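Structural features, examined
Residues per chain are reported as follows:
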Amino acid sequence: MKKTLKKVSLVALTSTLLLSGLGSIASVMAQEESASEVIATVGGEDITKEELYESMKAIAGDTTLRTIILETVLEQNVSDAEALRTAAEEEVQAQIDEAGGEEVFQQLLAYQGLSDIETYTYQIFVRNMFQEVVESQIDMSDEAITNYYENEYSPLMKAQHILVETEEEALDAIERINNGEEFDAVAQEVSLDSTAQNGGLLQPFPAGQMVPEFEEAVMNSENGEMTETPVESQYGFHVIRTINNGEKQPLEDVREDVEEQYVTSRFADSQFAYGVIGQLLQDTGYEIHDEDLQNAVQDLIDLANANNEAATEEESTEETTEESTEETSEETAEETTEESAEETTEETTEESTEESAE
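Residues numbered from 1 in each chain as written. Predicted model: local features only at pLDDT ≥ 70, side-chain atom pairs only at ≥ 80, totals over all residues. Heavy atoms only, no water.

Thoughts on the overall build of the chain
In plain terms, the rule: Secondary structure elements are taken from DSSP: a helix is a run of H or I of four residues or more, a strand is a run of E of two residues or more, and numbering for both begins at the N terminus. By the convention used here, residues are in contact when the closest approach between their heavy atoms is within 4.5 Å. Here the open area of atoms and residues is found with the Shrake-Rupley method and a 1.4 Å probe, where only the protein chains shown may cover a residue.
Secondary structure summary: the chain contains 13 helices and five strands in total. Sequence separation of 24 or more characterises 71% of the internal contacts of the chain that already satisfy a separation of 6 or more. A total accessible area of about 21800 Å² is found for the chain, and carbon and sulfur atoms account for 45% of it.

Below, the structure written as structure tokens:
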């Protein structure tokens, strides 16, 4: 259930950032009916489609047009839109099954502020397209991965724990495990934490996420080791079994994890991710004919331009550095040659003087 809720929450966040106008407004505005068509009559006064359009445009025009433009440009530029749509449907069905049926799943959606399963499935489809387009622009070269590993990569820690109220209870749990009982079984029986049903297993966590006492105990333990004394925190007393203490391993041993964190970090960088979409819009070509909606995607175009400028400056800096290095090397070589020539001349002069003296 928690895993399903987390997935729903992540999609809700992505949808808010990318498709905040998705829904019935887009459907109504997309209808191809004449502007003068009467869609309602109140007290003998007609309301036309044009009036509805102008009213809805004033309320959410920019947001809704932005949504439609983004959906369109994504679908035009992915390799196989139908395959991504099918993948979205399968993913949602798996989440429904995990949650325990459509009724429970619908409650989860409502909790996250999402309307219905059909809309949610469509948002997953759009997310899939967004991921494919952005991932295609991520630099996965050895140089990029190595740079991320050396400067930004922080290994996730992983541990199991048993949480109890008193130190005596913690000591008793330690004794039982040392006497041969399984950590998982003891955790399921006595732990007060919500992870008890999973044997106390926590989701991998980065430095700074856990309370300091807990994190310090994990970092100072060997992988596979259990704390022999209870660890006290504001929540009670912990018995901790370290699975991964977060020690940085050689790149070749953790490359898959490094690449995964690197890609995640690029998606989290909204300037990069949405700049990619802005560049895609420019490359594909678009035109907004309604002057009131001219700025619907201008922020994405601005991000793309900013990314291009930054890349140009970086290339210029690299070229300048290379030129400077080459000039320094040439100057060094010239100085070395001059010094060598001077030394050779001096030696020759000395030898000639000595021969003349003899």
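Some remarks on the sheet that holds strand S4 (residues 231-233)
Stated precisely, the cut-off is as follows: Paired strands, as defined in this entry, are two strands with at least two bridges between them according to DSSP. Whenever a helix is involved, its axis is fitted only over the stretch in contact; in every case the axis is a line through C-alpha atoms, and angles between N-to-C directions fall within 0 to 180 degrees.
If you walk across this open sheet you meet the three strands as S3-S5-S4, and the pairing is antiparallel. Sheet topology places strand S3 (158-164) and S4 at the edges, where each strand pairs with a single neighbour. Within the sheet, the average angular offset between the axes of one strand and its neighbour, ignoring direction, is 40°. The sheet contact formed by S3 and strand S5 (residues 236-244) spans seven bridges and is antiparallel. Each residue of the ladder has a partner; that of Gln 160, found in S5, is Arg 241. Contacting S3 and S5, helix H8 (residues 167-178) runs over the sheet at an angle of about 35° to S5. Its contacts with the sheet place helix H9 (residues 183-190) against S3 and S5, and it is angled at close to 40° to S3.

A look at the packing of helix H7 (residues 142-151) against helix H11 (residues 251-268)
Applicable threshold: Orientation labels follow simple angle bins: below 35 degrees gives roughly parallel, above 145 gives roughly antiparallel, 65 to 115 gives roughly perpendicular, and whatever is left gives oblique. When residues are grouped by polarity, Ala, Val, Leu, Ile, Met, Phe, Trp, Tyr, Cys and Pro land in nonpolar, Asp, Glu, Lys and Arg in charged, and all others, Gly among them, in polar.
Where H7 contacts H11, the two axes come as close as 9 Å, and the packing angle between them is 90°. By the angle class used here, H7 and H11 are roughly perpendicular. On H11, the residues that touch Asp 142, Ala 144, Ile 145, Thr 146, Tyr 148 and Tyr 149 of H7 are Leu 251, Val 254, Arg 255, Val 258, Glu 259, Gln 261, Tyr 262 and Ser 265. Here the residues of the contact of H7 with H11 sort into eight nonpolar, three polar and three charged.

A look at the packing of aromatic side chains
As a reminder, the rule being used: Centres within 6.5 Å make a pair out of two Phe, Tyr or Trp rings, where for Trp the six-membered ring is used; the pair is then stacked when the planes are under 30 degrees apart, edge-to-face when over 60, and tilted otherwise. The cut-offs for exposure are 20% and 50% of the maximum accessible area for each residue type, with area from a 1.4 Å probe on protein chains only; residues under the lower value are buried, those over the upper are exposed, and the others partly exposed.
One pass over the full model with this rule turns up seven aromatic pairs. Centroid distance Phe 105 to Tyr 120: 5.6 Å. Interplanar angle 65°. Geometry classified as edge-to-face. On the criterion of sequence distance, the pair formed by Phe 105 in helix H5 (residues 102-111) and Tyr 120 in helix H6 (residues 117-135) is long-range, its members being 15 residues apart. Like Phe 105, the residue Tyr 120 is buried in the burial classification. Aromatic side chains Phe 130 and Tyr 274 sit 5.5 Å apart centroid to centroid with 35° between the ring planes, which places their arrangement in the tilted category. With Phe 130 in helix H6 and Tyr 274 in helix H12 (residues 270-284), this residue pair connects regions lying 144 residues apart in the sequence. Note on Tyr 274: relative accessible area 11%, which makes it buried. One aromatic cluster in this structure is built from Phe 130, Phe 267 and Tyr 274.

Points about the confidence of the model for the chain
Spelled out, the test is: The quantity known as pLDDT measures the predictor's confidence residue by residue, on a range of 0 to 100.
Averaged over all residues, the pLDDT of the chain is 85; the fraction at 70 or higher stands at 78%. Here residues 1-6 scores under 50 on pLDDT; set against residues more than four positions off or in separate chains, the count is 14 contacts. Between residues 20-32, whose pLDDT stays under 50, and residues either more than four places distant or in other chains, the model counts 22 contacts.

Brief notes about the pairing of S5
Pairing between S4 and S5: three bridges, direction antiparallel. Considered in S5, the bridge of Val 231 is made with His 238. Remark: two residues form the turn of the hairpin made by S4 and S5, two consecutive strands paired antiparallel.

Brief notes about H8
Using the following cut-off: To estimate the expected span of a helix, subtract one from its residue number and multiply by 1.5 Å.
Here H8 contains 12 residues, and its C-alpha end-to-end distance of 16 Å stays within 8% of the 16 Å for a straight helix at 1.5 Å per residue. Where H8 is buried, its residues meet S3, H9 and S5.

Topic: helix H10 (residues 212-219)
Note the threshold: In this description, the arc belongs to the directions extending from the helix axis to the C-beta atoms.
Along H10, the positions that sit buried rather than exposed are Phe 214, Glu 215, Ala 217 and Val 218. Looking straight down H10, one finds its buried side chains confined to an arc of 160°; they lie on one side. Contacts from the buried residues of H10 go to S3, S4 and S5.

A short note on a negative patch on the surface
The following threshold applies: Only residues above 30% relative accessible area that lack a salt bridge enter a patch, with like-charged residues linked at up to 9 Å and the nonpolar side chains Val, Leu, Ile, Met, Phe, Trp and Tyr linked at up to 5 Å. Salt-bridge detection follows one rule: a side-chain nitrogen of Lys or Arg within 4 Å of a carboxyl oxygen of Asp or Glu. In this tally, Asp and Glu contribute negative charge and Lys and Arg positive charge; neither His nor the terminal groups of the chain are included. For the purpose of locating charges, the reference atoms are NZ of Lys, CZ of Arg, CG of Asp and CD of Glu.
A cluster of acidic side chains, namely Glu 165, Glu 167, Glu 168, Glu 169, Asp 172, Glu 175, Glu 213, Glu 216 and Glu 232, defines a negative patch on the protein surface. For the negative patch, the secondary structure elements donating two or more residues are H8 and H10. The element best represented in the negative patch is H8, accounting for five residues. If you trace the backbone, Asp 172 turns up in helix H8.

Here we look at a nonpolar patch on the surface
Taken together, the side chains of Ile 39, Val 42 and Ile 47 make up a nonpolar region of the molecular surface, amounting to roughly 240 Å² of accessible area. Relative to the elements of secondary structure, Val 42 occurs in strand S1 (residues 38-42). Exposure remark for Val 42: the relative accessible area of 55% places this residue in the exposed category.

Describing the nonpolar core
We apply this condition: Remark: nonpolar core denotes a set of buried residues (Ala, Val, Leu, Ile, Met, Phe, Trp, Tyr, Cys) joined through side-chain atoms within 4.5 Å.
In terms of nonpolar packing, the biggest core is built from 48 residues, with Phe 105, Val 258, Ile 277 and Leu 281 touching the most fellow members. Those elements that provide at least two residues to this core are helix H3 (49-77), helix H4 (81-99), H5, H6, H7, H11, H12 and helix H13 (298-357). Residue contributions to this core peak at nine residues, all from H6. Excluding residues that lie within four positions of it along the chain, Val 258 makes contacts with Ile 145, Tyr 148, Tyr 149, Tyr 153 and Leu 251. In terms of nonpolar packing, the next biggest core, distinct from the first, is built from 12 residues, Ile 162, Ile 177, Val 186 and Met 226 among them.

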